[in-house]
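# Reading the structure
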Amino acid sequence: MNLTNPPTARPSLPDGASAPAPATATAMVDLHDVHLTLVGTAGPVNILRGLSLAIAPGQSVGVVGPSGSGKSTLLAVMAGLERAQSGTVTVAGNNLSALGEDALALFRRRHLGIVFQSFHLIPTMTAVENVAVPLELAGRRDAFDLAESALDSVGLAHRRTHYPTQLSGGEQQRVALARAAAGEPDLLLADEPTGNLDAGTGGAIVDLMFALQARHGTTLVLITHDEALARACDRLVRISDGRIVADEPARAAAAAAARRPTGTAGD
Amino acid sequence: MQSLPIALRFARRELRGGLKGFRIFLACLALGVAAIAAVGSLAAAIVTGLERDGRSILGGDVELRLVLRPASPAELDWLTARAEVSQVVQTRAMAHAVANDRRTLVELKAVDAAYPLYGRAVLAAGPGAPSEAPLSLDDALASGADGLPGAVADPILLQRLALQPGDRLRVGTQDFVLRAALQREPDRGSAGLTLGPKLLVSRAALEETGLVTEGSLLFYFYRLKLPPGSDTAAFVTEMKAAFPEAGWRVLDWRNGNPGLRQFVDRIGLFLVLVGLTALLVGGVGVANAVKSYLDGKTVTIAILKCLGAPGQVIFQTYLVQILVLALGGIAIGLALGAVAPVALAALLEDVLPVPIAVGFYPGPLLLALLYGLLTALAFALWPLARAREVSPAGLFRAAAAPPGGWPRRGYILATGAMFLALAAIAVLTTAAQDFALGFVLGAAASLVLLRLLAVGITRAARRAGRPRIAAVRLALASICRPGAATPGIVLSLGLGLSLLVTVALIQGNMNAEIGGRMPEEVPAFFFIDIQSDQVAAFDEVVTAVPGASGLDRVPMLRGRISAANGVPADELTVAEDQRWVLRGDRGITYAAAPPENTEIVEGDWWPADYDGPPLISMEVDAARGLGLAVGDSLTVNVLGRDVTGTIANLREVDWSSLGINFVMIYSPGLLSAAPHTHLATVHAEGAAEEALFRDVTDAFPNVSVVRVKEALQEVNRLLAQVAMAVRSAAGITLLAGILVLAGAIVAGRRTRLREAAILKVLGATRADVLRAMIVEYAILGLATAVVGGLVGWIAAWVVITQVMGAEWVMLPGTLLLTALGAMALTVLLGLAGTWQILSQRPARVLREI
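Residues numbered from 1 in each chain as written. Chains lettered and ligands numbered in written order. Predicted model: local features only at pLDDT ≥ 70, side-chain atom pairs only at ≥ 80, totals over all residues.

This next bit is on the overall build of chain B. Summing up its helical and strand segments, chain B has 26 helices and 21 strands in all. Along the first, second and third principal axes, the C-alpha atoms of chain B reach 105 × 60 × 60 Å. Split into buried and exposed, the 849 residues of chain B put 46% on the buried side. (Helix = DSSP H or I, 4+ residues; strand = E, 2+ residues; numbered from the N terminus. Buried ≥ 20, exposed ≤ 12 C-beta atoms within 10 Å, placed from the backbone.)

With that settled, consider the overall build of chain A. In terms of regular secondary structure, chain A is built from eight helices and 10 strands. Taken over 267 residues, chain A has a buried fraction of 49%. Intrachain contacts of chain A at a sequence separation of at least 6 include 72% that bridge at least 24 residues. (Contact = placed C-beta atoms within 7 Å.)

Since the α-helix advances by 3.6 residues per turn, residues separated by three or four positions end up pointing in the same direction. The first and last C-alpha atoms of helix α2 (residues 23-52) of chain B sit 41 Å apart over 30 residues, in line with the 44 Å expected at 1.5 Å per residue. Burial analysis of α2 of chain B places 25 of its 30 residues in the buried class, the great majority of the element. (Expected span 1.5 Å × (residues − 1).)

A few words on the environment of Phe243 of chain B. If you trace the backbone, Phe243 of chain B turns up in the loop between α8 (232-242) and β10 (249-252). Residues Phe243 of chain B and Glu75 of chain B, spaced 168 residues apart in sequence, show a C-alpha to C-alpha distance of 7.7 Å.

Tallying the contact residues gives 23 residues for chain B and 26 residues for chain A. Every element with two or more residues in the side of chain B that touches chain A is listed here: α1 (3-15), α10 (298-306) and α11 (311-348) of chain B. Partitioned by chemical class, the residues of the side of chain B that touches chain A number 13 nonpolar, four polar and six charged. (Nonpolar A, V, L, I, M, F, W, Y, C, P; charged D, E, K, R; others polar.)

Bringing unusual backbone geometry into the picture now. Geometrically, the link from Tyr115 of chain B to Pro116 of chain B is a cis peptide bond, its omega value of -15° lying close to zero. Turning to its location among the elements, Pro116 of chain B is positioned in the loop between β3 (103-111) and β4 (122-124). Notably, Asp33 of chain A is not glycine yet its phi reads approximately 50°, a positive angle. Inspection of the secondary structure assignment puts Asp33 of chain A in strand β1 (residues 29-40).

Next up on the list: the packing of α2 of chain B against helix α22 (residues 708-747) of chain B. Residue and element names in this part refer to chain B. As a packed pair, α2 and α22 sit with axes 10 Å apart at the nearest point and diverge in direction by 170°. Classified by the interaxial angle, the pair formed by α2 and α22 is roughly antiparallel. From α2, Ile24, Ala27, Cys28, Leu31, Gly32 and Ala35 reach across to α22, where they touch Ala729, Ile732, Leu735, Ala736, Leu739, Val740 and Gly743. Grouping the amino acids of the contact of α2 with α22 by side-chain chemistry returns 11 nonpolar, two polar and no charged. (Axes fitted to C-alpha atoms, helices over the stretch in contact; angles between N-to-C directions. Parallel < 35°, antiparallel > 145°, perpendicular 65-115°, else oblique.)

What follows concerns the pairing of strand β9 (residues 235-240) of chain A. All names here are of chain A. Here β9 lies mainly inside the structure; five of its six residues are buried. The sheet contact formed by strand β3 (residues 60-64) and β9 spans four bridges and is parallel. Across the sheet, Val63 pairs through a bridge with Val237, a residue of β9. Inspection of the sheet shows β9 paired to strand β10 (residues 243-249) by six bridges, in the antiparallel sense. (Pairing = 2+ DSSP bridges.)

Turning to the pairing of strand β1 (residues 62-67) of chain B, a few remarks are in order. All names here are of chain B. Within β1, six of the six residues are buried, which leaves the element mostly enclosed by the surrounding structure. Where burial is concerned, the two faces of β1 agree: the one with Val62, Leu64 and Leu66 and the one with Glu63, Arg65 and Val67 are both buried. Pairing geometry for β1 and strand β9 (residues 219-225), over six bridges, is antiparallel. Considered in β9, the bridge of Val62 is made with Leu224. Both β1 and β10 contribute to a ladder of four bridges, which runs antiparallel. Its bridge partner being in β10, Glu63 is matched across the sheet by Leu251.

A word on the sheet that holds strand β6 (residues 112-115) of chain A. Residues and elements named next belong to chain A. With respect to topology, six strands assemble into an open sheet ordered β6-β7-β8-β3-β9-β10, the strand pairing being mixed. In this open sheet, the two strands that pair with only one neighbour each are β6 and β10. The average angle at which neighbouring strand axes cross in this sheet is 15°, direction not considered.

Our next topic: helix α1 (residues 71-78) of chain A. All names here are of chain A. With eight of its eight residues buried, α1 lies for the most part within the structure. Among all positions in α1, only Lys71, Ser72, Thr73, Leu74, Leu75, Ala76, Val77 and Met78 are buried. A positive backbone phi angle near 75° is found at Gly80, which sits one or two residues after α1.

Inspection of the secondary structure puts Val567 of chain B in strand β13 (residues 567-568). In sequence terms Val567 of chain B and Thr635 of chain B are 68 residues apart; their C-alpha atoms lie 9.3 Å from each other.

Packed helix pairs are specified by the crossing angle of their axes together with the interaxial distance, meaning the distance between the axes. All names here are of chain A. It is the contact of helix α3 (residues 127-137) with helix α5 (residues 169-182), at a shortest axis distance of 8 Å, that shows an interaxial angle of 25°. Judged on the interaxial angle alone, α5 and α3 are roughly parallel. By crossing handedness, the relation of α3 to α5 is classed as right-handed. Contacts between α3 and α5 involve Ala127, Asn130, Val131, Val133, Pro134 and Leu135 from the first element and Val175, Ala178, Arg179 and Ala182 from the second. For the contact of α3 with α5, the per-class residue count stands at eight nonpolar, one polar and one charged. (Left-handed = near helix turned anticlockwise from the far one by under 90°.)

A few words on the confidence of the model for chain A. Residues and elements named next belong to chain A. When the pLDDT values of chain A are averaged, the result is 82; 82% of them are 70 or greater. Note that residues 1-24 has pLDDT below 50 and, in this model, 44 contacts with residues that lie over four places away or in other chains. Ignoring residues within four places in sequence, the model shows residues 256-267, a span with pLDDT below 50, making 23 contacts including any to other chains. (pLDDT = per-residue confidence, 0-100.)

Encoded structure:
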């Protein structure tokens, strides 16, 4: 995928000199010295090695880095899907290391929306049912009303009774976005949301995502290979080998560059 | 939070997708449940039939049976004062078709005008006779214009003697006119093992046959119809008190056929256990199906978890789906099981001597439902519990992997509880709890053993290193790779095979026992009711027949043990396997010298010229079963008189020799003075056999002849029917096994398709792939056959030697054949399931997967 010619990388801070924002009580996400080693069938993989990161409420952060640098694992740790072996993980005021499995599920339901690269809609449910799932799990009586308006907000009201296989990739991701945003989460996590889409469709998704974020003041963590897309966020974090190697403000400087390709891609 | 309503909603959405992938799951449950429900319903139908028609089967509210003597006038007066009485006399006799000179043994039954007190005898008009004028039994038996009394007979007799209604038939010294075939005899169910077809005559005509002499083996039945509202039990008590020494066997309509009832119970139990095995085998299929379904749902489960679904909701969502499907499968099984008796009733009508009360029996169906539900849960809980452990973080990587390892402790305990409940129901709902318990322990041990075998094979394959031959290397890799079908194949094939080997070996042993070593040793004929004054002439006739040999003749009386050491028989504690000794009349004899080939195991035989108070030689197992030893006293009711003797010695008897054997042999003296007849056996073959039959029946019309071959055929026929039932049930288990096997193989197809495609891309020929698969399935089949064969062999040995108390014959051929067959089946099914793979173009497969 190539949305644009990536702008020349700005000189980043030297290794080890990246200054994470100080952990404050008001931070939406606060990771401190997080270590994580995953042991898969082929040996230890995806290592986080003493990673610290604080994100203020309402901020959007683009995370970039090469494959295997630990981006996705970082997201999984924030979502409480992976447990850090050491360090503290605080999200929306919850110390995730202290929560049990069900408490984590509850936490996700209350505070999180997640968008995946491969959409991950439930194949046996229609679009509106997919969007309603987290609301149903939260016990909302108006789950389906909210789901319909969420679908409407991504322009898919007319596709609500379609099953995922009957939707195009872009439509599926819009449904996924509606599902992630319907509960008005405090934190939206997006893992390469445009990774499986062509440039034009991907751009539309990104526009939608930023629009939703802006409307609700949601905190956004966006993982991507696409430097330009990352620069559309307020802040750009660069990860390599399980550590943050750069952390800098982005949108102010690169907004124009980042917005341009999404608007013009596909022309 | 209320998780169940959400789980129900999610489950409903997932179920909209249909039942794809659940066909084998449904079939496994349906099959097992159907087997159990059908057996249960059929047993209930038979027992209900026995109870509903208890009075007509027995022939009255109460039946008294006397052997060798009719009731005394005092007894008869007492009975007629209190009830309507029907007298029936039964004996064995030779029927002789006058026109064509054919003759055969019949069960001769002489009935009075009151017969039958309950039910109705149905006569069929024979061929040629006007069918619109069915005869009444009374008319059929009455004397006709020619002065000859009438008779009606079992259609088999008409066939055997080539008789038509209207033909003449001689019994003893009296000619009868056969008036009709007896289509339905209301009380036929009360007879035990019969040696010949039934022939009905009137009570008066019997007296003219010359068969009624003192000492002849005649059975006198007095059927009583009590006034309405009478208390049967109280009447029986009163009667026993009035005639304590009568020596009659008393049955009332509620237990009219204890033997048959016990038989139905036993066979029913056995078949239910076989059905349960089918269900257990099916359970393996359930587990496989649930596991592979949930493996396919890994991503969905991960998504749900990401969206905040707690593990409980996940577990419940899929539990609900599995339960709904299980109930569907069970419902199919119950429907099949409920209608099975209707279909089988027609088939069994001729085999069973009792009416089958076809109907809807909720009890057995409920039991089958319970078995099905518990089995489904027992096998599904484990994979369900593991599914909730799916790691949602996998969504951020290429694929979410199905979780491995053990589920949480609560689920392990719940699974254990389900299996325990299954075992408890199997044991508690049966009368033969020892047997059921043995089955449960055996089944549990087999399951564990086969599971261990699967683990062992997988480990061995992993450790085998890298054999030189490519096909073997590939096969081993296939066996031990994660998610291999190995456990499923080993469990399903192993259980099915164990049962098959068990059944085959038990049947083989029974056949060997009956057919194997008999022919040379068995006499050709038993001659019954030889009168004392005919003995010398009888010996002469027999020895005059060339080829007849081994004449063995003994006096014979009938007696019923009434007390031991002064304790009445019904108060004795008797070992289960020896109860038959007390149950009815036993043949008894007297002898000066011990019979040939007798082994005295305790005490001494009496002197040849002994002439003191009665001494008894008793068969050792019967004596021990009754708790008797040398020196104890035994009271036997002979011809209505109690004769008390002292046990002098204990003997071994080889019952299987089919010679003349008695439980009790008396010293001569008291008994030789009582009226009695003689019993003889003679060996003869071929032409000599026919000549002997003819000469004896010509010279002694009153002597009954039992052809041992025919009697054995009769026994074999009964056994064959039992064996048939057992084989059918075992077949159902095998079918379940094949289903599961096929399911396990199909489940691995996708992986195999891909594997084979890659192999082909790498240059493997079709033959290479085929060889690897054959080796793989042969290894699995062989290992399973060895263990399954062993389990089946042990089970059969236990049943034959411990349960049946018979001698064990090792049948290596049967064992080997069954085991090899199973292996061949595995290889064939495996290849059939993967045949398509060989012809696939690799490029297409790799593109699709």
